[in-house]
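Summary of the model geometry
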Amino acid sequence: MAGQTPPTETMKAIVNTHFGAIDDVLRMDPIHPRCNLADSQPGDMLIKVLACSLSPGDNRNINGSVSFIRKCQFPWIPGHDVCGEIVAIRDDDADAKQHFAPGDIIVTTSSQTIMQGGLAEYALVESAHAAKKPPNIRPAAAATLGSSAQRALQAVRKVKVGSGHRVLVLGGSGGFGSFVIPLLKAKGAFVVTTSTQDSFCRELGADRVLNYEKYNDSQCWWNMDEFQGKHKFDCIMDCEPDRKGNPLGWSLCRKVLKSRANGGFYLAVSMDDPDAKMQSLGGVIKHMVPMLWRSMKSSIPFPCSRIPKYRLFIAAPERSDLSEVLDHVDTGKLNVVFDEGSPFPFTQDGVIQAFHRVNSKHAHGKISIVME
């Protein structure tokens, strides 16, 4: 039925044995059963993993906070953004055979709700979300583009930013921000961001960096005269919600963001509480309903046209978008910025260090693990 499977039956893999703290649940399994096409789903390809990139979503999968919507069968392999070499393609996957061949180096991300990830020597990946890696991009950099860069590209497209638009990015020094700031600048926008990393964000292209540690309440962005009146923002991208679940940016933005009638757009890239427990249907409803209500309310005709347009941003992987960001990196229009210490080695200690760095919420740039 499927292409040929490598002869060895085991592989090294990082496995998550149960929900819990990073140090307690992750371990290196040197003889984990190797995945193969005989166990695959339609549309899967078998790859030899070269690099895997981590994101906050990987930590939420490990600690079980989103167990209702991300089903994990233990022991399972985390990491859903990968770069790897195609080993085999299913015989019944005509679309994959049209675009790829064994030996191609590809980048992909997973959208499956029940998944095995890429922190292993081999992995099954969805061909529909894969794109070929240009030769000049290192695997460690390419792996970072599957989620954050695609989301940034889709977010810029969503808000329809153009030349001269004024955009505020809340939390611009993380993985998403490191891609969205240069993409906004490429559209001709004037970009202001909040971050403690002034030099880092300016190198990304930000015109103004507001270090919230240096301001008192009267000097914070929502009270600054320079962002009010005819100098209001056209768009706010919120990548940094209040950790108590309070949508701080949305509750304060109206002083500095244009109304919906005047094109004002508030894009919630992060949810109100990224640490919310969604372990049951009730938990999902409790977490999602306030954001969905804001979106509905801001779409109601007058008098709600006086408030900005609010949208919760949910991205979906697309091969064409991934190909576009790979082309941007290949041609120098977009750069991959790594966090300190990244890429990490594919060892138990190296992977655990990488997960702790993601979990710290102080990473500036992307975090990758390289297999060799």
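To start, this report covers the structure provided alongside it.

1. Remarks on the overall build of the chain
- Assigned secondary structure in the chain consists of eleven helices and 15 strands.
- For the chain, the C-alpha radius of gyration of 21 Å lies close to 21 Å, the compact-globule estimate for 372 residues.
- Counting across all 372 residues of the chain, residues that qualify as buried make up 54%.
- The long-range fraction of contacts in the chain, counting pairs at least 24 apart against all pairs at least 6 apart in sequence, stands at 74%.
- Total accessible area on the chain stands at roughly 16,500 Å², and carbon and sulfur atoms take up 51% of it.

2. So, the pattern of salt bridges
- Applying the stated criterion across every chain, the model contains twelve salt bridges.
- The salt bridge involving lysine 185 is made with aspartate 207; its shortest N-O contact spans 2.8 Å. Separated by 22 residues along the polypeptide, lysine 185 in helix α6 (residues 175–186) and aspartate 207 in the loop between α7 (198–204) and β10 (208–210) bring together distant segments of the chain.
- On the basis of relative accessible area, lysine 185 is assigned to the partly exposed category, the value being 28%.

3. Some details on α6
- With respect to burial, α6 is a largely interior element, ten of its twelve residues being buried.
- Inspection of α6 places Gly175, Phe176, Gly177, Ser178, Phe179, Val180, Ile181, Pro182, Leu183 and Leu184 among the buried residues, and these make up the whole buried set.
- Here the buried face of α6 lies against α5 (148–159), β8 (166–170), β9 (190–194), α7, β11 (235–238) and α10 (319–330).

4. What about the pairing of β11?
- Burial along β11 is two-sided: Cys235 and Met237 and Ile236 and Asp238, pointing in opposite directions, are all buried.
- As paired elements, β8 and β11 share four bridges and run parallel to each other. Residue pairing for β11: leucine 170 is matched across the bridge by aspartate 238.
- With four bridges connecting them, β11 and strand β12 (residues 265–268) associate as parallel partners. In the strand pairing of β12, isoleucine 236 is matched with tyrosine 266.

5. Remarks on the packing of aromatic side chains
- According to the stated counting rule, one finds six aromatic pairs in the structure shown.
- Seen in terms of ring centroids, tryptophan 221 and tryptophan 222 are 5.2 Å apart; in terms of plane orientation they differ by 85°. Their pairing is edge-to-face. Tryptophan 222 matches tryptophan 221 in its accessibility class, with the two residues each being buried.
- With a centroid separation of 4.9 Å and 70° between ring planes, the pair formed by tryptophan 250 and tyrosine 310 is classed as edge-to-face. Taken together, the residues span a long stretch of sequence, with tryptophan 250 in helix α8 (residues 248–252) and tyrosine 310 in strand β13 (residues 309–312) at a distance of 60 residues. Considered together, tryptophan 250 and tyrosine 310 belong to a single accessibility category, that of buried residues.
- Grouping aromatic residues by their ring pairs yields a cluster made of Trp250, Tyr266 and Tyr310.
- Its guanidinium or amino end placed over the ring of phenylalanine 233, arginine 166 lies 5.6 Å from that ring's centre, counting from NZ or CZ.

6. Quick word on the nonpolar core
- One finds Leu145, Val180, Leu184, Met237 and Leu267 to be the most contacted residues of the largest nonpolar core, which totals 46 residues.
- Breaking this core down by element, the ones donating at least two residues are α4 (139–142), α5, β8, α6, α7, β11, β12 and α10.
- Those residues in contact with leucine 145 that lie beyond four places of it in its chain are Gln150, Phe179, Leu322, Val325, Leu326, Val329 and Val336.
- Core analysis: the second largest hydrophobic core is formed by 42 residues, Ile22, Met28, Ile47 and Ala354 among them.

7. Some words on the side chain of threonine 193
- Structurally, threonine 193 is set in strand β9.
- Polar side-chain contacts of threonine 193 include one of 2.8 Å to the backbone oxygen of valine 169.

8. A look at helix α2 (residues 56–63)
- For α2, every residue scored as buried is listed here: Gly57, Asp58, Asn59, Asn61 and Ile62.
- Tucked into the core, α2 has its buried residues touching β1 (10–16), α1 (22–25), β2 (26–33), β3 (44–54) and α11 (348–359).
- Where α2 ends, the next residue or the one after it, glycine 64, has phi of about 85°, a positive value.

9. Things to note about the sheet that holds β9
- The parallel open sheet is built from six strands, whose spatial order is β10-β9-β8-β11-β12-β13. Sheet topology places β10 and β13 at the edges, where each strand pairs with a single neighbour. The sheet shows a mean angle of 15° between the axes of neighbouring strands, direction not considered.
- Contacting β11 and β12, α5 crosses the sheet at an angle of about 155° to β12.

10. Concerning the state of the cysteines
- What the rule picks out here adds up to zero disulfides.
- Of all cysteine sulfurs in the structure, the one in cysteine 83 sits closest to cysteine 52, which takes part in no disulfide; the separation is 11 Å.
- Owing to a relative accessible area of 0%, cysteine 83 belongs among the buried residues under this scheme.

Definitions and limits used
Residues numbered from 1 in each chain as written. Predicted model: local features only at pLDDT ≥ 70, side-chain atom pairs only at ≥ 80, totals over all residues. Heavy atoms only, no water. Helix = DSSP H or I, 4+ residues; strand = E, 2+ residues; numbered from the N terminus. Rg over C-alpha atoms; globule rule 2.2 N^0.38 Å. Buried < 20%, exposed > 50% of the residue type's maximum accessible area, 1.4 Å probe, protein only. Contact = heavy atoms within 4.5 Å. Areas by Shrake-Rupley, 256 points an atom, 1.4 Å probe, with all protein chains shown as cover. Salt bridge = Lys/Arg side-chain N within 4 Å of Asp/Glu carboxyl O. Pairing = 2+ DSSP bridges. Phe/Tyr/Trp six-rings, centres within 6.5 Å; stacked < 30°, edge-to-face > 60°. Lys NZ or Arg CZ within 6 Å of the ring centre and 35° of its normal. Core = buried A, V, L, I, M, F, W, Y, C linked by side-chain atoms within 4.5 Å. Polar contact = N/O pair within 3.5 Å; in protein donor to acceptor, adjacent residues only side chain to side chain. Axes fitted to C-alpha atoms, helices over the stretch in contact; angles between N-to-C directions. Disulfide = S-S within 2.5 Å.

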